[in-house]
Amino acid sequence: MSVFLARLADIVAVGAPIAAIALVLAVIVLANPEPAAARDDAPGPLARFWRWMLARLRAVLGNLRHIILLRYPLLLGLFLVGMPAIALHTPLRDKIGNLLVVTPVELAFVTFLAVVVAWIIVRTAALTLNYGPARFDVPPWPVLPPTPAGSRLAAVIAWLGRNGVAAVATPLILVTAVRSLADAPFGVPVWPNVGTGTAARAAVLVGAVLAGAVGSYVVRSIVEFLRIDPSPTDRTMQRRAAKEAGGIRRRVTGVVERAARWMYRVWFRWLGDGYAENGAVASGHLAAVVQFGLCLVLYVIIGAAFSPANLIDARGIGWAQNGCWNAVPWLCMPTLGYLCVVIGVAAWTFSATSFLFDRWRVPPLLVLFVFFGLSATLVPADHYYRMTRSTLPGVAARAPGGPSDDAASEVVPSPAFPSPAEIVGRTLAAQDGPGPKRLIVVAVSGGGITSAAWTARVLTGLEAAVGEPFTGALSAVSTVSGGSVGAMYYLGAMTDRRPRPAPVLAGIRDASAAPGMRAIAWGIAYPDIWRAFAPYLVGLVPNGRYFDRAWSAETAWERAWTQNIRAAAGRPGNAANAGPDGAAGYGRQGEAQETWTASPDVPYLLDLRQRIAETDLPVPIFNTMTVEDGQQFILTPVDLLPGGASPRRCGERAIEKPVADVAQRSPAGASAGVRAADPPEPLRDRHFCTYRETYPAADLPLVTAARLSASFPWVSPVARPSAQDCKDCGPLYHLSDGGYFDNDGLIGAMAWLEQVLPTFAERSRSAGASGSSGGSGGSGGSGGSGGSQPSAREILIIQIRWGKWAPATSEELKPAKGALFQMIGPFQALLRARGATQSSHNAQTLRLMNERWSREVLERYQVGVRMVDFDLAGPPPPGGSDAEPPLAWQLTDREVAQIHAQWCGPAVIEGVKEVAKYLGTTAAMGCPGAP
């Protein structure tokens, strides 16, 4: 059944835009009077046919000017009709395909908004057809030909004008309903309770469509109720009709009539022909004004009702965080609904602008471009991220309502904080027993919400399967893009090194897979639109400089933290959960069991800094890139300043001490120059900037750090700190997605390892560990080192990936691309080069790292590096699906289940075995074929 529904959705999605284009062409051809030349006597049928065709062609070409005037309603209407085809059959499928999967309540909203938007498009097109001849000096559109056949055609066209709204909105509604019936919606508890049968679900969806249609009919009825014709003759008739209709209609009509006269005196009479008739506002424009006013009211109501947070306070709680009401979790506004809102705004804007400026042959796009450019120049409305005053001693605590005007302006020396080498030294010292010391560093790749969910799945899975040996050896997690979100939840909820109970780990996985597109779409439809049209309003709202689609996404992630992680403290089984080692509850085996308690809010970077200083927790490394000069910019709570390098701010040249090349020494010299008691020295190379050294007296929410690292192109804006929050901070860089610089997180992991590897070597040697070097492990299917026994002195690097670079398929290599391919080929080459060059660059980085460490550290202290890969694109488990999950910040239940099922894939099982072998323990995954 699901396959049939998917095929039905594909047929409708592809057929609807084709049928719409055919209908437009048919109207262009047929909505013309029959040429007189076609009725002239001719010496033969062929000659008469050609004369008829030429006359018809001249008539059609003569009326194409109407199509130019109607270009924006036509394009937006075709976009609304073709949106399902764009979502399902273009390269954007992995980014917006899931927007068509909604719940019944969301389907009602989609139906309502799609019909209203279609109504707006039809209304603006009708205004252009009705008043275009007077304004643009073109002949009327020939929809009323005098012949009987033409009269029937005119009746058909008039019927389409009155009822064409449904035709424009139907494909989107139908495909969304079919797709929602095929794929189980996500996150709403009422949907599974309506029944498991297809018929029951279909009945609920039909009811949702009818509810949305009724709501749109009510809106249309209100507009018709308020509509009057202010021409002198008809005004008398309207007053008489209003008097007969009763007091309410009479009072409403009077208000609208006075408003119409005021609008005519103040505005419409100065706009030229096409706006007024008989000394008053034209009835069509008056109806459009009433409709626009009602749409504006709806726009404000939807924005206020589903605001993800309190607009007066950037940290306040809104009515509907993450797009769903707090009191009624199943009442959600879908992302597709916000997209309809944006289309409606575009329809009003472009149609009104083109009707006004086409008279003087001024392109509306040029007008809007100049308007937005002047607005941004006169009233700067840049995108900023939240930065607060540091909580270091001597600095005032953070204000609970957000940053103050002089936040982070005072630079206070940082209190004593362990260096990376000291942190690792204490981590190794906590490992009990005289056995070899173990150290794990994780590198996480990007990939949207799929990467976030897969990162949480792997980290929580290793914690549950291996237990305290894994959490005790985990040193740092270097993340990029979507992987930063999963790592944020995993590391932010860690309060000590003990394995957490199963409900907490499940809450971390649920939070990482929670949809965020609704909140992002709200940010696009509301604060970002107002930033473009009225940037001066940003300064009128308290903390308004933070309000954008990225801030909205942060509130959704904070909501997911509250609903899934903090709530896990009260879930049944928290204190009685069986751990992987057989211990009950939250604690080591043999110890008194405790109940895990989550922090009330998502922590800040300096909150983690304090935890790291007290309990040696793993260090998060969020990788970003500066837009202005393309440098790697690392957000981390520790001081990643290489030993021997001079402190500097980002943008300044590093002054580094020269490093002697051990490989160029003679063997005798090398042996004589290195004594067993020589303390290890960290490497001094430095090719990145850090948040701690650039803004030493500022603090940053952990959710903001993850958002900056996951600034997916155009989905999240590039942002910088505000000068009001960070006075005298130096360069206020715009930060972008870390995937621009390195999409695998390896460079950040290397920066950490360069600081801690000598300490690991020294501690391992002092602990009496023995064994051969072992070198660098391979990176095969499981990512291990071919099943070899781990060296006594080895560091484990875990790579969590979502897919690797792959050569072009036979389908992509088909010839005959043509001129269109030559137009898009350079852009495609740039996109493909990003993945190929980064894959090659990372492989080269690992090779050079091994060679360099072999000269300077590995050969000196006999330390090896072992690699283990956890790739979501690996072989699926038996009976699993190999379909590729999407990049968009929205997953269906089926796709979330697919990600979790991949945890039991053969490559993942082998990878867990390798991790357990390295740690000298066993794993308990609970998967078929797993240990």
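In this text the structure is predicted, and so the values were computed from the model without any measurement. (Residues numbered from 1 in each chain as written. Predicted model: local features only at pLDDT ≥ 70, side-chain atom pairs only at ≥ 80, totals over all residues. Heavy atoms only, no water.)

Counting secondary structure elements, the protein chain contains 29 helices and 14 strands. Considering the protein chain as a whole, with its 931 residues, one finds that 52% of them fall into the buried category. Partitioning the intrachain contacts of the protein chain with sequence separation of at least 6 by distance along the chain shows that 78% fall at a separation of at least 24. Per element, the accessible surface of the protein chain, about 40300 Å² overall, is 64% carbon and sulfur. (Helix = DSSP H or I, 4+ residues; strand = E, 2+ residues; numbered from the N terminus. Buried < 20%, exposed > 50% of the residue type's maximum accessible area, 1.4 Å probe, protein only. Contact = heavy atoms within 4.5 Å. Areas by Shrake-Rupley, 256 points an atom, 1.4 Å probe, with all protein chains shown as cover.)

At their nearest, the axes of helix α15 (residues 448–466) and helix α29 (residues 906–919) sit 11 Å apart, and the two run at 50° to each other. By the angle between their axes, α15 is oblique relative to α29. Helix-helix and strand crossings are classified by hand; for α15 and α29 the assignment is right-handed. Residues Trp454, Leu462, Ala465 and Val466 of α15 form the contact with α29, whose participating residues are Val908, Val912, Val915 and Leu919. Of the residues assigned to the contact of α15 with α29, the class counts are eight nonpolar, no polar and no charged. (Axes fitted to C-alpha atoms, helices over the stretch in contact; angles between N-to-C directions. Parallel < 35°, antiparallel > 145°, perpendicular 65-115°, else oblique. Left-handed = near helix turned anticlockwise from the far one by under 90°. Nonpolar A, V, L, I, M, F, W, Y, C, P; charged D, E, K, R; others polar.)

With that out of the way, let us pick up the side chain of Thr349. Along the chain, the position of Thr349 falls in helix α12 (residues 335–357). Filtering out sequence-adjacent residues up to four positions away, Thr349 remains in contact with Leu368 and Phe533.

What follows covers the pattern of salt bridges. Applying the stated criterion across every chain yields a total of 17 salt bridges. Across the pair Arg71 and Asp358 runs a salt bridge whose closest N-O atoms are separated by 3.0 Å. Placement of the pair is Arg71 in helix α4 (residues 71–88) and Asp358 in the loop between α12 and α13 (364–378), with a sequence separation of 287 residues. The partly exposed category is assigned to Arg71, whose relative accessible area is 22%. Looking at Asp358, the relative accessible area reads 10%, which means it is buried. A salt bridge links Asp639 to Arg692; the nearest nitrogen and oxygen atoms lie 3.4 Å apart. A residue pair is termed long-range when its members are at least 10 positions apart, and Asp639 in the loop between β8 (632–635) and α23 (667–673) and Arg692 in helix α24 (residues 691–694) qualify at 53 residues. Using a relative accessible area of 7% as the deciding quantity, one classes Arg692 as buried. Counted as one network, the salt bridges with shared partners bring together Arg386, Glu554, Glu558 and Arg707. (Salt bridge = Lys/Arg side-chain N within 4 Å of Asp/Glu carboxyl O.)

Moving on to empty space enclosed by the protein. On inspection of all chains with the given rule, the structure shows six cavities of 30 Å³ or more. Lining the largest cavity, in full, are Ile520, Arg549, Ala550, Ala553, Trp557, Arg707, Ala710, Phe712, Val715, Ser716 and Trp889. For the lining of the largest cavity, the element with the most residues is helix α21 (residues 549–565), which contributes four residues. Of the residues that constitute the lining of the largest cavity, the class distribution is eight nonpolar, one polar and two charged. The calculated volume of the second largest cavity comes to roughly 40 Å³. What lines the second largest cavity is Leu491, Met494, Leu608, Ile612, Leu617, Pro618 and Pro620. (1 Å grid on protein atoms, 1.4 Å probe; cavity = no way out; pocket = protein on both sides within 12 Å on 5 of 7 lines; lining within 4 Å. Points joined across faces, edges and corners; volume = space filled by probe spheres on them.)

As a further point, take α12. Over its 23 residues, α12 extends 33 Å from the first C-alpha to the last, a length consistent with the 33 Å expected when each residue adds 1.5 Å. Judged by how many residues are buried, α12 sits mostly within the fold: 17 of 23 residues are covered. (Expected span 1.5 Å × (residues − 1).)

Mapped onto the elements, Val256 comes out in helix α10 (residues 247–266). Classification of Val256 as buried rests on a relative accessible area of 12%. Separated by 34 residues in the primary sequence, Val256 and Val290 have C-alpha atoms spaced 8.5 Å apart.

What follows concerns helix α19 (residues 517–533). Spanning 17 residues, α19 covers 23 Å between terminal C-alpha atoms, matching the ideal 24 Å at 1.5 Å per step. The axis of α19 is deflected most strongly, by about 35°, at Ile524, and proline Pro527 appears within four residues downstream. The buried count for α19 comes to 13 of 17 residues, which makes it a mostly enclosed element. (Bend = angle between axes of the 7 residues up to and from the residue.)

Phe470 and Phe870 are the most contacted members of the largest nonpolar core, which totals 201 residues. Broken down by element, the residue count for this core peaks at 16 residues, all from helix α6 (residues 104–136). In contact with Phe870, not counting residues within four places along its chain, are Trp454, Val458, Leu462, Ile798, Gln799, Ile800, Arg801, Trp903, Val908, Gly911, Val912 and Val915. (Core = buried A, V, L, I, M, F, W, Y, C linked by side-chain atoms within 4.5 Å.)

Here we come to the packing of aromatic side chains. Tallied over the full model, the rule gives 16 aromatic pairs. Taking 5.8 Å as the distance between ring centres and 85° as the angle between the ring planes, the aromatic pair formed by Phe109 and Phe306 counts as edge-to-face. Note that Phe109 is positioned in helix α6 and Phe306 in the loop between α11 (283–305) and α12, a separation of 197 residues in sequence. Using a relative accessible area of 22% as the deciding quantity, one classes Phe109 as partly exposed. The structure contains a cluster of three or more aromatic residues connected by ring pairs, namely Tyr299, Trp522, Tyr526, Phe547 and Trp551. Note that Arg135 overlies the ring of Trp360, its terminal NZ or CZ placed 5.4 Å from the centroid. Positioned over the ring face of Tyr918 is Arg438, at 4.6 Å from the centre of the ring. (Phe/Tyr/Trp six-rings, centres within 6.5 Å; stacked < 30°, edge-to-face > 60°. Lys NZ or Arg CZ within 6 Å of the ring centre and 35° of its normal.)

Moving on, we come to the pairing of strand β14 (residues 864–871). In terms of residue burial, β14 counts as a mostly covered element, since eight of its eight residues are buried. Bridge count between strand β13 (residues 794–801) and β14: eight bridges; the pairing is parallel. Among the inter-strand pairings, Leu796 is bridged to a residue of β14, identified as Arg866. (Pairing = 2+ DSSP bridges.)

For the rest of this paragraph, the subject is unusual backbone geometry. Of note, Arg361 is a non-glycine position whose phi angle comes to about 60°, a positive value. Within the secondary structure, Arg361 sits in the loop between α12 and α13. With a phi angle near 55°, Ser481 is a residue other than glycine that sits in the positive phi range.

Time to look at the pairing of strand β6 (residues 474–479). Most of β6 is tucked away: six of the six residues are buried. The pairing of strand β5 (residues 439–444) with β6 spans four bridges and is parallel. Residue pairing in the sheet places Val441 in a bridge with Ala476 of β6. Bridging between β6 and strand β7 (residues 619–626) involves four bridges; their strand directions are parallel. When the bridges of β7 are listed, Ser478 appears paired with Ile621.

Here the protein chain shows a mean pLDDT of 75. Residues at 70 or above account for 67%. Throughout residues 229–238 the model reports pLDDT below 50, and contacts reaching past four residues in sequence, or to other chains, amount to 16 contacts. Counting contacts from residues 643–647, a segment whose pLDDT is below 50, to residues more than four positions away or on other chains yields 12 contacts. (pLDDT = per-residue confidence, 0-100.)

Turning to the packing of α21 against helix α25 (residues 702–709), a few remarks are in order. Closest axis-to-axis distance for the α21/α25 pair is 10 Å, and the angle between their directions is 125°. When the interaxial angle is binned, α21 and α25 end up oblique. The element α21 and its partner α25 pack so that their crossing is right-handed. Across the interface between the two elements, Ala550, Glu554, Trp557 and Glu558 of α21 pack against Val703, Thr704, Ala706 and Arg707 of α25. Classifying every residue of the contact of α21 with α25 gives four nonpolar, one polar and three charged.

Once that is clear, we can look at the environment of Phe350. Among the structural elements, Phe350 can be located in helix α12. The spatial distance from the C-alpha of Phe350 to the C-alpha of Arg71 is 9.6 Å, given a sequence separation of 279 residues. The residues contacting Phe350, other than those within four sequence positions of it, are Tyr72, Leu365 and Leu368.

There is a patch of nonpolar side chains on the surface, built from Leu366, Phe369, Val370, Leu374 and Leu378 and spanning about 550 Å² of accessible area. On the secondary structure map, Phe369 appears in helix α13. (Patch = residues over 30% accessible without salt bridge, like charges linked within 9 Å, V, L, I, M, F, W, Y side chains within 5 Å.)

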